[in-house]
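Notes for the structure review
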Amino acid sequence: MIDLANPELLRTEAYIGGAWQGSEESYSVQNPASGETIAHVARHGSQSASLAVDAASAALPAWAALGAGDRAQFLRRWHDLIVANTEDLARLMTLEQGKPLAESRGEIAYAASFISWFAEEARRINGTVIPGNSASRRLTVIRQPVGVVAAITPWNFPAAMITRKVGPALAAGCTVVLKPSELTPLSAIALAVLADAAGIAAGVFNIVSGDAPAIGDVLTTDPRVRKFSFTGSTPVGKMLAAKCMGTVKRVSLELGGNAPFIVFDDADIDAAVSGAMASKFRNSGQTCVCANRILVQHGIYDRFAAALASEVAKLSAGDGLADETNQGPLINADAVRKVTAHRDDAVARGARIIARGQVTGPAGGHFARAALLVDVPEDALLAREETFGPLAGLIRFDEEADAIRIANATTAGLAAYVFTNDHDRGVRVSEGLAYGIVGLNTGAVSTEVAPFGGIKESGFGREGSQFGVDDYVSLKLIAAEIKAK
Ligand code: ADP
C-alpha cells in the first residue's frame, strides 16, 4: 500500500543503539485523508526508553570527543541522504500526516536545511577568553555538550520539528533519544534509517515510540538525561517540564501560540491577503505560528474581508496525494470537531460566515471546510484558544493602541504579524508586541537561519540560527591561576 522508490525507508521498529527493535505489541498509524490503517508500529514503553538512554549514554563520550569537523561531515552526509530521498519522505509524510504533497516536499527541504545549517554551526561553537580579574588570572570560557538529550515532537511537522532539535544537539556533541508523535512515527523512523546510512554511530540518535506517558516518564526523570526539548501542546509541555525539575534538566519548550495578524488601514492589501492565506491556511491551519486572530482596522475592513473571501473560496480540502488539493485533511476527528465548535461559538456570538472552501476528499477522511468569519467579537473561543484548523475570523479595531492591546491580551507569545506601509508604525508595533517572532509585512517567518521560539506560556529556548546551539551546550569557566616566573 505504501509504494516507495526506496522501500528501506519504511520501518516500524524502534531504533536503539543502532539496532532495530520490534516489540510484541503494536499500534496502528492512520491516513487522515481516508481513515485507513497504513502501518502497525512497534509499541514500546519505559523499558525500551531506558535502554535508549543507556545507548545514548554509552555513545556520548566518543561522539563528544570527535572533532567538530568530523561531526559536521556526518551531518552533511545525513542532509544529502534526506535531500536525495525527498520524494519518498514527502510521500510518507502525506500518507501519515495528510498535508498536500507540495507542502510535504517543502517540509523535507526545510527539515534538511536544519541539518546542513547545524553541520556548518558545528565548527563555530566558539568559546571566549576574558581578561583576568587580576594579573595572575586567566579566564577561559568553553562551550561543552550538555550530554544526553531527550526530545519529544508533535505530528504537525513530522520531520522538521525533529531535525531542528537533533541537528544542533548532534552538532554540539550531544546524543539523542527521540520520541516522535504516535500519529506520525513513519517520517521520524525514516530519518533514523538515513542517519544510520550516513554512518552516524550506534546510540548517537535513538527513536522510541508507543506508550507516550511511560516513555515520557523515563525521559523526564532519568538522571542521565541532561536536556529535555519539547514541541507540542502547552498543558503537556508544562507537565513534562515540571517533571524535569526533579533532576534539574535543561529544558526548552515550543508550546502553543495564539498569533494575532494585524492589518492597518495603510497596508498593501494584496500583500496582507497573501500573507494571511500563507499564515492561516498552511498545513490546513495546523501550525503553532498560524494567524489565529485577524485584527483589521476599520477603514480597510470591508475591502480586506472581500479580498480574503475570494481566496478562501478557492480552498479545496482533499487527499494530499491528489494534484488539485491545496488543503489536506486535519489530523483526526477531534481536530475537525474543534474547528466546528469554534465556528459555531463565533456565529452564536454574532459573527457571520462570508466565504467557505470545498471538501473534495473521500468519505472517512478528517476534512474541515475552510471558512472566513467577519464581526468576530474579541471574546469568541476562536480568539482565545488556538483553533489549529482552517477557520479565519476577522476582528475590527480602531486605533494602533487598540490593536496592540488586543494582540497582547493572551498568555501565549509565539508569533505575531503586522501589515502596514508606515515604516514608523511598523517598528513601533513590532516592538510593542509581546511575542518571540514578528512578521512585518510577511506571513512567512520560519527559516533555519533565524531564531524560532516564544515568550510567556509559548515557551523558551530558540531553534535554528546562530542561537540554536545554545540550548545544547553548557558554558564552562576555566579560571587559571598563573605563577609569575
Ligand atoms: P499536539 O498533539 O496538540 O501537538 P501534544 O502535546 O499532545 O500536542 O503532543 C506532542 C507530543 O507530546 C507528542 O509526541 C505526544 O505523543 C507527546 N505527549 C503527549 N502526552 C504525553 C505524556 N503524557 N507524556 C509524554 N509525552 C506526551
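Located above this text is the structure these notes cover.
Turning next to the pairing of strand E11 (residues 250–254). Counting buried positions along E11 yields four of five residues, so the element is predominantly enclosed. For strand E10 (residues 225–231) and E11, the ladder comprises five bridges, and the chain directions are parallel. By the bridge assignment for E11, Lys-227 is matched with Arg-250. Read as a crossover between parallel neighbours, the route from E10 over helix H8 (residues 234–244) to E11 is right-handed. Here E11 runs beside strand E21 (residues 459–460); their pairing, made up of two bridges, is antiparallel. Paired with Glu-254 across the two strands is Gly-459, which belongs to E21.

In this description, an aromatic ring pair is defined by two values, namely the gap between the centres and the angle between the planes. Applying the stated criterion across every chain, the model contains nine aromatic pairs. Their ring planes at 40° and their centres at 4.7 Å tell us that Tyr-15 and Trp-20 sit as a pair that is tilted. The exposure class of Trp-20 is partly exposed, given its relative accessible area of 22%. Ring centres 5.5 Å apart and planes at 85° place the aromatic pair Phe-264 and Phe-397 in the edge-to-face group.

Inspection of every chain in the model, using the stated rule, returns zero disulfides. No disulfide involves Cys-174; its sulfur sits 15 Å from the nearest other cysteine sulfur, which is in Cys-244. On the accessibility criterion, Cys-174 (0% relative accessible area) is buried. A disulfide-free cysteine, Cys-290 has its sulfur positioned 8.2 Å from the sulfur of Cys-288, the nearest such atom. Given the relative accessible area of 6%, Cys-290 is considered buried.

Further remarks concern the environment of Gly-299. Assignment of secondary structure puts Gly-299 in the loop between strand E13 (291–297) and helix H10 (301–312). Judged by its relative accessible area of 47%, Gly-299 falls in the partly exposed class. Each C-alpha atom, one on Gly-299 and one on Phe-264, is 8.3 Å from the other, the two residues being 35 residues apart in sequence.

Rules used in this analysis
- Here the residue numbering is sequential within each chain, running from 1 through the sequence in written order.
- Local features in this predicted model are restricted to residues of pLDDT 70 or higher, and side-chain atom pairs are both shown and tallied only at a pLDDT of 80 or more, whereas totals for entire chains, interfaces and linings draw on every residue.
- To get the side-chain values, all heavy atoms of the structure are used, and hydrogens and water are removed first.
- For every residue, the accessible area obtained with a 1.4 Å probe (protein chains only) is divided by the maximum for its type, and the residue is called buried under 20%, exposed over 50%, and partly exposed between those limits.
- Strands are runs of DSSP state E lasting at least two residues, helices are runs of H or I lasting at least four, and both sets are numbered from the N terminus onward.
- By the convention used here, strands pair only if DSSP detects at least 2 bridges between them.
- Think of it like this: strands point away, you trace from the first strand over the helix to the second, and a clockwise trace means the crossover is right-handed.
- Stacked, tilted and edge-to-face are the three classes applied to pairs of Phe, Tyr and Trp rings, where Trp contributes its six-membered ring and a pair requires centres within 6.5 Å; stacked means planes under 30 degrees apart, edge-to-face means over 60, and tilted covers the rest.
- Criterion for a disulfide: a pair of cysteine sulfur atoms within 2.5 Å.

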